[in-house]
Number of protein chains: 4
Amino acid sequence: MTITSEVPKVKMETFNQYESEVRSYSRSFPTVFTKAKGYKLWDTDEKEYIDFFAGAGTLNYGHNNDAMKTLLIDYIEKDSITHSLDMATVARGTFLQKFNDIILQPRNLDYKVMFPGPTGTNAVESALKLARKKTGRTTIMSFTNAFHGMTIGSLSITGNESKRKGAGIPLAHSISMPFDQYNAKTDSLSLIESYLENGGSGIDLPAGIIVETVQGEGGINAASDEWLKGIEKIAKKFGILLIVDDIQAGCGRTGTFFSFERAGIEPDIVCLSKSIGGYGLPMALTLFKKELDIWEPGEHNGTFRGNNLAFVAATEALSYWETDTFAKEVEEKADLLSEFIRTLVKKYPELKAEPRGRGLMQGVACQEEGIAEKICHAAFERGLLMETSGPKDEVFKFLPPLIIDKAGLQKGFQIIEDSLKTVLKIN
Amino acid sequence: MTITSEVPKVKMETFNQYESEVRSYSRSFPTVFTKAKGYKLWDTDEKEYIDFFAGAGTLNYGHNNDAMKTLLIDYIEKDSITHSLDMATVARGTFLQKFNDIILQPRNLDYKVMFPGPTGTNAVESALKLARKKTGRTTIMSFTNAFHGMTIGSLSITGNESKRKGAGIPLAHSISMPFDQYNAKTDSLSLIESYLENGGSGIDLPAGIIVETVQGEGGINAASDEWLKGIEKIAKKFGILLIVDDIQAGCGRTGTFFSFERAGIEPDIVCLSKSIGGYGLPMALTLFKKELDIWEPGEHNGTFRGNNLAFVAATEALSYWETDTFAKEVEEKADLLSEFIRTLVKKYPELKAEPRGRGLMQGVACQEEGIAEKICHAAFERGLLMETSGPKDEVFKFLPPLIIDKAGLQKGFQIIEDSLKTVLKIN
Amino acid sequence: MTITSEVPKVKMETFNQYESEVRSYSRSFPTVFTKAKGYKLWDTDEKEYIDFFAGAGTLNYGHNNDAMKTLLIDYIEKDSITHSLDMATVARGTFLQKFNDIILQPRNLDYKVMFPGPTGTNAVESALKLARKKTGRTTIMSFTNAFHGMTIGSLSITGNESKRKGAGIPLAHSISMPFDQYNAKTDSLSLIESYLENGGSGIDLPAGIIVETVQGEGGINAASDEWLKGIEKIAKKFGILLIVDDIQAGCGRTGTFFSFERAGIEPDIVCLSKSIGGYGLPMALTLFKKELDIWEPGEHNGTFRGNNLAFVAATEALSYWETDTFAKEVEEKADLLSEFIRTLVKKYPELKAEPRGRGLMQGVACQEEGIAEKICHAAFERGLLMETSGPKDEVFKFLPPLIIDKAGLQKGFQIIEDSLKTVLKIN
Amino acid sequence: MTITSEVPKVKMETFNQYESEVRSYSRSFPTVFTKAKGYKLWDTDEKEYIDFFAGAGTLNYGHNNDAMKTLLIDYIEKDSITHSLDMATVARGTFLQKFNDIILQPRNLDYKVMFPGPTGTNAVESALKLARKKTGRTTIMSFTNAFHGMTIGSLSITGNESKRKGAGIPLAHSISMPFDQYNAKTDSLSLIESYLENGGSGIDLPAGIIVETVQGEGGINAASDEWLKGIEKIAKKFGILLIVDDIQAGCGRTGTFFSFERAGIEPDIVCLSKSIGGYGLPMALTLFKKELDIWEPGEHNGTFRGNNLAFVAATEALSYWETDTFAKEVEEKADLLSEFIRTLVKKYPELKAEPRGRGLMQGVACQEEGIAEKICHAAFERGLLMETSGPKDEVFKFLPPLIIDKAGLQKGFQIIEDSLKTVLKIN
């Protein structure tokens, strides 16, 4: 481990001293990381960690994938274009072509591609602008427990109370409707439709409806295919643009490249980020139907729209989708995960828990407050990274890299079960 | 040029076909770039370009700087951490330490460092949140011709009309005051003070005042030191937080690391991005006085706060600031640039132009509409990248990499003069 | 009829020529009215009309009540104070004392009285301000099909789409929840509670909940006592102020002075206007619990807070409430009305209608679009004033003066049945 | 004084006990008023007061004008229509005809008349709606120290800090520009024009500019004719609707019926209230050019748009304007007032004061804080009603009924000089 020996000085104190109190994961995972490969990380003490966190869904292809790594080094060595705003570069053009050939065309998706700035919230903000520009309306409908980002536009459609308070201003131009199964005594689709068709509902006709098919931050709530179809139908009926925020659930996380494929819907706008960059490098895309491409040049822009290192890795990452092999493997691993969760919930009734989610985006919702956090903490001590989700951090969340092998999964499961037993004080 | 031969297929058609109409620089610079070094770029036809654009201020240290390049390749080769959110990593810690040692401490700036997401607009949005949280107020005072970013929070304090319209919603919680010298018959400081001290002015007491010392997008308008000191004094008097957006003017662009050093002011909050990453990789920082560090953990977050490749390059970039050699060189080149502009304006009175700016961030404002754009276009054809600035694109803007040598400058000057003569039809 | 002979020149043309297109009732009731008494009006052609409209609920005590009339003339003759802003006057003091003695004290309501400007929307705007000031929050929860007024604050909590559009700006700081029985598949109380207790719902904790117990403009929707109790319970649980807008349903319209008495709830704030003035003169009150009286002097004001003629009539009007005789009479007449509506709906199944409302605030909701308007029009021709209600004007609405006698009611019923038969083309 | 003997019980305690803390004038003028005539009032102790307050500009024709009084009593006695919403009535039609004949036609003002609800803030809210509807824009430009009303729309364009805070929400969709002479170092017209013509100013093109020609609440600041013409010119140039809020300065207060007549401008929209009702009864008008009459029926409405008693008095009040006699008398009295103020300011240099205003809307601005309030208080004790104005209540304000005679003026002047001497402790 040469790196750690070269820089022996980096300790947690450095972060405590110089970095803002806003830092968060360095508190949940209080160690200094130095190296990573596949589904594993190591810290400066050479302790090994299994990754059930995957950079919050950014590392679907694992850490430091070898094919991408080789290409990146080659690209850098050749003094190829690194930063290009939205100028045309070879790396950008190659990505555009391959994204069209491997992802869009086979799925009959006639989308234009926009590079909105390299973060998820940039993709969301551009989607909102486009929906408003196209319709001339201002309101965006979002859902309970949604998470779409931390800049003011995205925050206005995010559910989390403490994040919203952080805005420091009242958040406007949005309306939060009940997500699928949000309230046992409310039929979400029926309510939404009645709101929209009644001229007295107090809800202004929205420009767009933005939805996550599986809510990653809001508690791993998976919408049913029927509900998603219902939302699409409502959007069509009232001339509202349907936006799928596939930033966390996309790029194969739920088994298909786009998470909405299994529901058979076709959103007007799609936001991608996180794993689209392949190697964990900042990148985001906004996709939309050709007829929506009414932007003026430069109407939305940003300095880092041309992160060419990300384009190189992203292009290589698309190779996973040239055949259906990868998708099938993910499905198999998802089944293992589902089975593990089902068993766990059944085996430990004292956990008072229920399974959540889909694909390799699953979780366990615990009734008792604080317990999910304790389990994550215990798992970290045993060498596994995992985070909580939900408005009260009531869910512990499985988000392993999609490329994890079965041995890795099993090892992770074991750590989690051990951690759970410790927390529940089961000998 | 091996890369271009490997990927012969990338043509401008690819971008026209697949990328959104929102693309903009690929229209001003209509060629496919493939390679870059220092202050030069090459396209797939192996045509060479001198860079007076520097990625809109992102490439102060030039393209593909060799020292950073070596470190990046080494870092990648060792499978070091690439993506880390805000977990502690060796690369992040090393940057924090060096940033403190080389930049903050010698300037007696007792700032905490926040990683707000890797784009300028993220830094600005976090600054606004913090100012609002600290003061419990909602309004932000910004200035005419300001540019702070394209997400809704940043856009609400941006002056440009067409960018603002892109929001699709009325922008609120902001008040735009006249910048230094904005209107010949208005004393900006006197007006602002009267607005704030009169309980009947209709301007709610702001949480923060955000200012660029030189307005990069708004027309290369440089605020005088006296005006900046006046703004700081007003901010202090009324308990308003002073935010300097140093995203474009910082990192040495005007001669000192922070652009506000020569005015002798000390902002409460500073936004950095663009060249802070050194190599053109997405990165941003929000700096603020220790007593402002009242964030809750995770109150502002984002997926790409841990772009470790950027940290590696950024750390190396700080070496330029270990002594004052680099700053002095920038100053010398700035003098050459000033001299060139003065001569140009005098020599071509038919241009009806005036010099603008400071350091290696200067421009020429032309009275006649459209002329600056024509000059940039002619320069591009002659092998020089340069962009316009200002609400009517009335300024052509010199933004060479700070590491450019005198020969490069002279060659660029010649191209510009030639272009200008062509446009003005001077034989 | 001396008046009409004195001013023979007033014709409908005058209004068409000089008055704005915004005029509305002069289109539904296209004649020039000149005289009125009790539940009757006459136009300049001396045609008589039965009033089932009562100035949209302003004339609960009928037109030109003799007792009030005598007092008004006496008051004017003595050159008593007419206009007083919020100075102390005899008329204002007398009203305050009597309102306390006859209305508040017997109902154990320990409210302070505010004169917010003499229109309903003023009362509502002051209530919103107070709720926001008390709680430090900004959001107001209102309900589908609510109507609270036409100034921006009140309009933001009003449901009607076309009224909302009239604002010309996006309406903010409000959230519209389903009213009792709004959607068959939604349990309103359960949904509201889940929104408030889930920190991820995207609904900011409201300052106040504003509700009409019977929605006068929104379709004569009467909330059940259980639902109102549920709303009060939720408001208490979450520290939200409960505001009842009793502008149309109050002052005896539903049988008790305050419409919320039968539900046994005790709002934090109550808005009164319309019939509180007794004689149809502009007046409004905002009542609130003593502990909410945190206003600064003059923090909400207005020129016509001291309409003393209204105070004189309003004081006399309170006499109706000294015993329970009046309330009992209203109840008896309400029973007659209910019976008539039930019969009507049953007798004319082709109307596809359902009864709505409570007390002397009832209506008939017709499935077929346009039919209610036609019935109102036919009734007008037969000498009866009646208006429609509901987002699609689908309800014809019975709002006779409370002092109407049974003969008047019967005569009105006959006209309505005749009109209905004509519209339905029944022999 | 029969009234006081009949109701001997009304004491200040009644108000303290039952009325909200928001009451304000009953604190400045702490007595119970009972009778009024012309420019005098009496309290329950039969103490007489000279009125230099005129109901904050509502009683331009004095208290209980005999001609109006007779007509009102006659109207009431005949059971004429009292309350009519916007139905056609004889009283409304007669007013419309006479307003056109006496006011609009002779001034070549081709305005349509709207009855927006009977308070000034209703008129303003309707004007804002109309400007926004016509232009499709949202921003309204108003001025420093403006006062336009207390409902959210009007408050958003009001300058006063404490009134604005009362909103409890951030006020939006408005921009406050410097009024004429607001800041000695700012040329208001030049600044406004530069804001509007520069596409980078950060000010969205407004729907309307709303202005008071003399700011009644904001410190009796009178705009010069040149400035008003300049504002009109700017409005025309940029296609912005010019709204004059003539609620306090109109109806002859500054010498002509509309305050803007002397500047020779022609606003697109005019708001009237206060003295338009003649007798102090609630009434308001919104006037606008015929081509702006794009309202849908009922798009703005309100219960008390048909306050027929006010129409009767308002119609009679128009008689004052049939010849120019009344205007000339006002002018003469205004000269007396100006002369008095000039002398006062000169004679008492220790007052450190300056004259303000125009017509019978003048004031004295005192440098020392609190002094104007003390003078008003001392005057009240001596039997004169007068109020302060300005953001710091730094102005004592002369607003006598226009019908006051010279003896009344002189008596008032004497009281004021005496009060001033007491406050300044001059023997």
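Residues numbered from 1 in each chain as written. Chains lettered and ligands numbered in written order. Predicted model: local features only at pLDDT ≥ 70, side-chain atom pairs only at ≥ 80, totals over all residues. Heavy atoms only, no water.

## Side note on unusual backbone geometry
Here is step 1 of the chain: Unusually for a residue other than glycine, A:Lys425 sits at a positive phi of about 55°.
Here is step 2 of the chain: In this fold, A:Lys425 is placed in the segment after helix H15 (406–423).
Here is step 3 of the chain: For B:Ala54, which is not a glycine, the phi torsion comes out positive at approximately 50°.
Here is step 4 of the chain: Within the secondary structure, B:Ala54 sits in helix H4 (residues 54–57). (Helix = DSSP H or I, 4+ residues; strand = E, 2+ residues; numbered from the N terminus.)

## Quick look at the relation of the copies chain B and chain D
In summary, the two copies of the chain are related to each other by a rotation about an axis coupled with a shift along it.
Here is step 1 of the chain: Expressed as a screw transformation, the operator carrying chain B onto chain D has a rotation angle of 180° and an axial translation of 0.0 Å, and the superposed copies differ by an RMSD of 0.0 Å. Taken together, the rotation angle and the small translation identify this as a two-fold axis. Judged by C-alpha distance, B:Thr186 is the residue of chain B that lies nearest the rotation axis, at 2.1 Å. (Least-squares fit on C-alpha atoms with pLDDT ≥ 70 in both.)

## Observations regarding the pattern of salt bridges
Here is step 1 of the chain: Going through the model one piece at a time under the given rule, you end up with 112 salt bridges over all chains.
Here is step 2 of the chain: Residue B:Arg92 is joined to A:Glu19 by a salt bridge in which the shortest nitrogen-to-oxygen separation is 2.9 Å. With one member in each of two chains, B:Arg92 in helix H6 (residues 90–104) and A:Glu19 in the loop between helix H2 (12–18) and helix H3 (25–28) form a pair that bridges those chains.
Here is step 3 of the chain: Looking at B:Arg92, the relative accessible area reads 0%, which means it is buried.
Here is step 4 of the chain: Notably, a salt bridge pairs B:Glu232 with B:Lys236, separated by 3.8 Å at the nearest N-O pair. Residue B:Glu232 and its partner B:Lys236 are both found in helix H11 (residues 225–237); the two are separated by four residues, about one turn of the helix.
Here is step 5 of the chain: Classification of B:Lys236 as exposed rests on a relative accessible area of 60%.
Here is step 6 of the chain: Taken together, the shared-partner salt bridges connect A:Glu21, A:Arg27, B:Lys112 and B:Asp293 into one network. (Salt bridge = Lys/Arg side-chain N within 4 Å of Asp/Glu carboxyl O. Buried < 20%, exposed > 50% of the residue type's maximum accessible area, 1.4 Å probe, protein only.)

## Concerning the interface of chain B and chain D
Here is step 1 of the chain: Facing the 35 residues of chain B at the interface are 35 residues of chain D.
Here is step 2 of the chain: Here chain B meets chain D over a buried area of about 2700 Å², counting both sides, of which 46% is carbon and sulfur.
Here is step 3 of the chain: Area buried by chain B at its contact with chain D is led by B:Tyr182, B:Lys185 and B:Gly199, which between them contribute 17% of it.
Here is step 4 of the chain: Applying the counting criterion to the chain B and chain D interface returns four salt bridges. (Contact = heavy atoms within 4.5 Å. Buried area = accessible area lost by both parts, 1.4 Å probe.)

## Describing the packing of helix H10 (residues 188–197) of chain D against helix H11 (residues 225–237) of chain D
Packed helices, taken two at a time, are described by the angle their axes make and the gap between the axes.
Residue and element names in this part refer to chain D.
Here is step 1 of the chain: Interaxial distance between H10 and H11 falls to 10 Å at its minimum, and their mutual angle equals 10°. When the axes of H10 and H11 are compared, the pair comes out roughly parallel. Contact with H10, carried on its side by Ser188, Leu189, Ile192, Glu193, Leu196 and Glu197, involves Glu226, Trp227, Gly230, Ile231, Ile234 and Lys237 of H11 and no other residues of that element. (Axes fitted to C-alpha atoms, helices over the stretch in contact; angles between N-to-C directions. Parallel < 35°, antiparallel > 145°, perpendicular 65-115°, else oblique.)

## A few points about the sheet that holds strand E3 (residues 48–51) of chain D
Here is step 1 of the chain: Spatially, E4(C)-E1(D)-E2(D)-E3(D)-E16(D) is the arrangement adopted by the five strands of the open sheet, whose pairing is mixed. Each edge of the open sheet is held by one strand with a lone partner, namely strand E4 (88–89) of chain C together with strand E16 (384–385) of chain D.
Here is step 2 of the chain: Pairing between strand E2 (residues 40–43) of chain D and E3(D): three bridges, direction antiparallel. Each bridged residue has a counterpart across the sheet, and for D:Leu41 the counterpart in E3(D) is D:Tyr49. (Pairing = 2+ DSSP bridges.)

## Side note on the sheet that holds strand E11 (residues 241–245) of chain A
All names here are of chain A.
Here is step 1 of the chain: In space, the seven strands of this open sheet follow the order E5-E13-E12-E11-E8-E6-E7, with mixed pairing throughout. The open sheet terminates on both sides in strands that have one partner only, identified here as strand E5 (111–114) and strand E7 (174–177). Neighbour-to-neighbour, the strand axes of the sheet open up by a mean angle of 20°, direction not taken into account.
Here is step 2 of the chain: Where E11 and strand E12 (residues 269–272) come together, three bridges link them in parallel fashion. Bridge pairing in E12 places isoleucine 243 opposite isoleucine 269.

## Overview of the side chain of B:Arg132
Here is step 1 of the chain: With respect to the secondary-structure elements, B:Arg132 resides in helix H7 (residues 120–135).
Here is step 2 of the chain: Separated by 3.2 Å, the side chain of B:Arg132 and the backbone oxygen of B:His173 make a polar contact. (Polar contact = N/O pair within 3.5 Å; in protein donor to acceptor, adjacent residues only side chain to side chain.)

## Examining the domain arrangement of chain A
Residue and element names in this part refer to chain A.
Here is step 1 of the chain: When the domains of chain A are assigned, the result is domain 1 (12–64 + 327–424) and domain 2 (68–321).
Here is step 2 of the chain: Using C-alpha coordinates to define each centre, domain 1 is positioned 25 Å away from domain 2.
Here is step 3 of the chain: With 31 residues of domain 1 at the contact, the number on the domain 2 side is 34 residues.
Here is step 4 of the chain: Taken together, both faces of the contact between domain 1 and domain 2 bury some 2500 Å²; the carbon and sulfur share is 51%.
Here is step 5 of the chain: By the criterion of area lost to domain 2, the three top residues of domain 1 are Tyr61, Arg358 and Met361, representing 37% of everything that side buries.
Here is step 6 of the chain: Taken together, the links from domain 1 to domain 2 amount to one salt bridge.
Here is step 7 of the chain: One salt bridge connects lysine 397 with glutamate 217, and the closest N-O pair in it is separated by 3.2 Å.
Here is step 8 of the chain: Taken together, domain 1 and domain 2 are joined by 21 residue pairs in polar contact (both at pLDDT 80 or more).
Here is step 9 of the chain: Going through the elements one at a time, helix H4 (54–57), helix H13 (325–347), strand E14 (353–358), strand E15 (361–366), strand E17 (387–389) and strand E18 (395–398) are the ones with two or more residues in the side of domain 1 that touches domain 2.
Here is step 10 of the chain: Counting residues per element, the side of domain 1 that touches domain 2 draws most heavily on H4, at four residues.
Here is step 11 of the chain: Residues of the side of domain 1 that touches domain 2, tallied by class, amount to 15 nonpolar, eleven polar and five charged. (Domains from an automatic or database assignment. Nonpolar A, V, L, I, M, F, W, Y, C, P; charged D, E, K, R; others polar.)

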